[in-house]
Amino acid sequence: MIYSFWIFDRHCNCIFEREWTLANSNNTNAMGNGTINSKQNDEVGKLLYGMIFSLNSVTQKLSSSLSENQINNNIRSISTGKFRIHTMQTATGLWFILVTDFKQQNYSQVLQYIYSHIYVKYVVHNLLSPYDFALNPKEQRGQGIKRINNRHFINSLEAFLQPMLT
């Protein structure tokens, strides 16, 4: 079961968030209950990104001090007793994050597909979509308010993830 999906940009801003565990009658869609880009999840997003950023920093420091060959040693999955967080970082600094139940083992191919076939097609190749979601160059880290609202991206993401929701 998938609980939520998040995309963070290189400025630590949550640029897309989809939660399937909250039922909100004002912001539901035909694919199921939940929220899309909800303000009520801003604090959760900051905590989630902060945890992943911190753990990734620790693993980078440990791996560089333990080995001489510089292998990219990013966090791919974090597990607790109740859920698992699957992560993928792109070369441009985007973080794609899926929060699932603990039983799900590996969603790296799912995240790769979302990035290469859905995000690239509907956000990157869209000339009306910003290439950088920061409001201006002086924007504080994690203070951005721009979000992905492309309905084709949202519908394709929903259609792709729908069979994995239960």
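The paragraphs below set out a description of the structure included in this document. (Residues numbered from 1 in each chain as written. Predicted model: local features only at pLDDT ≥ 70, side-chain atom pairs only at ≥ 80, totals over all residues. Heavy atoms only, no water.)

The next thing to look at is helix α2 (residues 108-124). The end-to-end C-alpha distance of α2, which contains 17 residues, comes to just 20 Å, noticeably less than the 24 Å that a straight helix rising 1.5 Å per residue would cover. The largest bend in α2 amounts to roughly 35° and is located at I118. Where α2 is concerned, the buried positions are V110, L111, I114, I118, Y119, V120 and V123. For α2, the secondary structure elements touched by its buried residues are β1 (2-8), β2 (14-19), β5 (83-89), β6 (95-101) and α3 (151-161). (Helix = DSSP H or I, 4+ residues; strand = E, 2+ residues; numbered from the N terminus. Expected span 1.5 Å × (residues − 1). Bend = angle between axes of the 7 residues up to and from the residue. Buried < 20%, exposed > 50% of the residue type's maximum accessible area, 1.4 Å probe, protein only. Contact = heavy atoms within 4.5 Å.)

A word on the layout of surface pockets. One way to see where empty space is left: roll a probe the size of a water molecule over the atoms. Its boundaries defined by the atoms lining it, the largest pocket holds a volume of some 300 Å³. In terms of lining residues, the largest pocket is bounded by 14 residues, among which T92, L94, Y119, V124 and Y131 are the most central. A breakdown of the residues in the lining of the largest pocket according to their chemical character gives eight nonpolar, three polar and three charged. (1 Å grid on protein atoms, 1.4 Å probe; cavity = no way out; pocket = protein on both sides within 12 Å on 5 of 7 lines; lining within 4 Å. Points joined across faces, edges and corners; volume = space filled by probe spheres on them. Nonpolar A, V, L, I, M, F, W, Y, C, P; charged D, E, K, R; others polar.)

Any two side chains of opposite charge can pair, on the condition that their charged atoms come close. Counting across every chain of the model gives two salt bridges. With its nearest N and O atoms 2.4 Å apart, the salt bridge here joins E158 to R18. Residue E158 is found in helix α3, and its partner R18 is found in strand β2; the two are separated by 140 residues along the sequence. Neither residue differs from the other here; E158 and R18 are each classed as buried. (Salt bridge = Lys/Arg side-chain N within 4 Å of Asp/Glu carboxyl O.)

On their own, these measurements won't tell you what the molecule is for.
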